[in-house]
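# What the coordinates show
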Amino acid sequence: MEHSRIHLSIASINGKEQDFINQAFEQGWLSTVGPQIDGFERNLKTYLQTDKALVALSSGTAAIHLGLLQLGVCSSDEVICQSFTFVASANPITYLGAKPVFVDSELDTWNMSPVFLTEAIEDRIKKTGKAPKAILIVDLYGMPAKMVEIIAIAKKYAIPILEDAAEALGSYIAVEGRKIMCGAMGDYSVFSFNGNKIITTSGGGALVCPDEQSADKVRFFAGQARDAAPHYEHSLLGYNYRLSNISAALGQAQVLSLSDYVEKRRRINKLYRLELAAYPFLTFQDEPNNFNSNYWLTTLVFRSYQEREAVRNHLLSNNIESRPLWKPLHLQPLYAECPFYGDAVAESLFEKGLCLPSSSNLTDLEIKRISDLIKEIIIKK
Ligand SMILES: *Cc1c(COP(=O)(O)O)cnc(C)c1O
């Protein structure tokens, strides 16, 4: 039988999208204001169970940019950033003329190491005479970072946190019996609704803000910083970062299935683990106690680069897409000059790790087939 291509991660459609989009068309809201934007923001807030405010924006990258702007980051500043992430986490630091300082991961969550974070802060204070302006944490592949420890460190040095939860909508940590959702943990937090994320608006993002007042400021900057005047009056530099109402309509429909998509991705992760349970030298990104990942992507670490590449190529020749883990940003040519604190945790994960197909519409049969192909390679060795 011919198999069609299996992608790493694509959005699922629940069938209600067209209705919401039709409604926006019928009501004539085709631009960057409208009831669908308000509704989408409200639904997300409800899902997050937070008192914070939320602004829908044109992308996750735009949300990081405006979040850093809100934290007052400017060209004389350094911003601490998790090295093990997508380049979109760090680029807005550079947009603002500030300098990223990269910090390595720890092995439990693969996210920022509190130990290296402390080392980085202390050393930057010693070398530059001032503390970094912000700490940019990522909940990578949906796994919450060690937020309790990191918030304590941030408080000690009075540095605000920007949480890049682009991949972690639906993930949470249980603290003293209370669920704290990713995206509600930072002073500002970011989501992405790009086509490969857990829900999509075809392209879009959101910035979670501490209160309505700061959210209004974010809306102001996202709309070219237009002053209150009948004509176009501008005192400050703004951006065109608003989400279209049509995209928000798509988002409204998608949010309805969010819990379902999280459950499905978690189930996919469980099935891969069961299929590969006989090979304990293959390691997964495990949830520490009280951590709950949306498992946006299921990831697997092999014994060596060679083994990882053999599996990746074998999958590819069977029309199955997989991808090495993120290349740490301190190893990217773009950021080679930036300071880095850590050892080789992220580097080693990059070398040996692979992201497996994890779309929420992946079938059990497909998971079995992918797992069997992986086994063919690891048994051969
Ligand atoms: C997808 C992603 C982003 C960027 O989001 P866009 O909506 O594509 O701009 C930022 N950080 C991480 C970790 C991501 O995975």
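Up top you'll find the structure we're talking about.
This text gives an overview of the structure that appears in the document. (Residues numbered from 1 in each chain as written. Predicted model: local features only at pLDDT ≥ 70, side-chain atom pairs only at ≥ 80, totals over all residues. Heavy atoms only, no water.)

Right, let's talk about the pairing of strand β5 (residues 161–164) for a bit. The alternating pattern of β5 places Ile161 and Glu163 and Leu162 and Asp164 on opposite faces, both of which are buried. Here strand β4 (residues 134–138) runs beside β5; their pairing, made up of four bridges, is parallel. Bridge pairing links Leu136 to Leu162 in β5. Following the chain from β4 across helix α6 (residues 147–157) to the adjacent parallel β5, one finds a crossover that is right-handed. Note: β5 against strand β8 (residues 188–192), three bridges, orientation parallel. Within β8, the position partnered with Glu163 by the bridge is Ser189. (Buried < 20%, exposed > 50% of the residue type's maximum accessible area, 1.4 Å probe, protein only. Helix = DSSP H or I, 4+ residues; strand = E, 2+ residues; numbered from the N terminus. Pairing = 2+ DSSP bridges. Right-handed = clockwise from strand over helix to strand, strands pointing away.)

With 95 residues, the main nonpolar core has Ile135 and Leu169 as its most contacted residues. Residue contacts for Ile135: discarding those within four places in its chain leaves Ile80, Met112, Leu117, Ile121, Ala154, Ile159, Pro160, Ile161 and Leu162. Counting residues in hydrophobic clusters, the runner-up holds 22 residues, among them Leu300, Phe302, Leu373 and Ile378. (Core = buried A, V, L, I, M, F, W, Y, C linked by side-chain atoms within 4.5 Å. Contact = heavy atoms within 4.5 Å.)

This part covers the pattern of salt bridges. Per the stated rule, a full pass over the model turns up 19 salt bridges. The residue Lys127 makes a salt bridge to Asp123 at a minimum N-O spacing of 2.6 Å. Within this pair, Lys127 and its partner Asp123 are both found in helix α5 (residues 114–128), separated by four residues, close to a single helical turn. A salt bridge links Glu309 to Arg308, with the shortest nitrogen-to-oxygen separation between them at 2.9 Å. Among the ionic contacts, a cluster of salt bridges with common partners joins Glu275, Lys368, Asp372 and Lys375. (Salt bridge = Lys/Arg side-chain N within 4 Å of Asp/Glu carboxyl O.)

Let us look at the sheet that holds strand β12 (residues 298–301). Strand order in this open sheet of four strands is β10-β12-β15-β13, and the pairing throughout is antiparallel. Looking at strand neighbours, the two that pair on one side only are β10 (283–284) and β13 (323–324), the edges of this open sheet. Bridge analysis of β13 against strand β15 (residues 353–356) gives two bridges, and the strand direction is antiparallel. The residue of β15 that forms the bridge with Arg323 is Cys355. Against the sheet, helix α10 (residues 305–317) engages β13 and β15, with an angle of about 25° to β15. Contacts between helix α11 (residues 345–352) and the sheet are confined to β12, β13 and β15, with β15 contributing the most and set at about 60° to the helix. (Axes fitted to C-alpha atoms, helices over the stretch in contact; angles between N-to-C directions.)

Even without being a glycine, Ala158 presents a positive backbone phi close to 55°. Here Ala158 is to be found in the loop between α6 and β5. Phi angles above zero are rare outside glycine, and Glu176 is one such case at about 50°.

Before going further, it helps to examine the environment of Ile64. Residue placement: Ile64 occurs in helix α3 (residues 60–70). A C-alpha to C-alpha distance of 9.9 Å links Ile64 and Ser192, two positions 128 residues apart in sequence.

This part covers α11. Listing the buried residues of α11 in full gives Val345, Ala346 and Leu349. Axial view of α11: buried residues confined to an arc of 95°, hence all on one face. Tucked into the core, α11 has its buried residues touching β12 and β15. (Arc of directions from axis to C-beta.)

A few words on the sheet that holds strand β11 (residues 291–292). Pairing in this open sheet of three strands is antiparallel, and the strands run β7-β6-β11 from one edge to the other. Each edge of the sheet is formed by a strand with only one pairing partner; in this case those strands are β7 (178–181) and β11. As paired strands, strand β6 (residues 172–175) and β11 are joined by two bridges and run antiparallel to one another. Looking at β11, one finds that Tyr172 is bridged to Asn292.

The next thing to look at is the side chain of Asn269. Along the chain, Asn269 turns up in helix α9 (residues 258–275). By relative accessible area, Asn269 is classed as buried at 3%. What Asn269 contacts, discounting residues up to four positions off in sequence, is Tyr295 and Thr298.

Here helix α1 (residues 17–27) crosses helix α8 (residues 245–256) at 145°, and the two axes come no closer than 8 Å. In the crossing of α1 with α8, the sense of the turn from one axis to the other is right-handed. Packed against α1, whose contacting residues are Glu17, Phe20, Ile21, Ala24 and Phe25, the element α8 presents Asn245, Ile246, Ala249, Leu250, Gln252, Ala253, Gln254 and Leu256 at the interface. When its residues are assigned to classes, the contact of α1 with α8 shows nine nonpolar, three polar and one charged. (Left-handed = near helix turned anticlockwise from the far one by under 90°. Nonpolar A, V, L, I, M, F, W, Y, C, P; charged D, E, K, R; others polar.)

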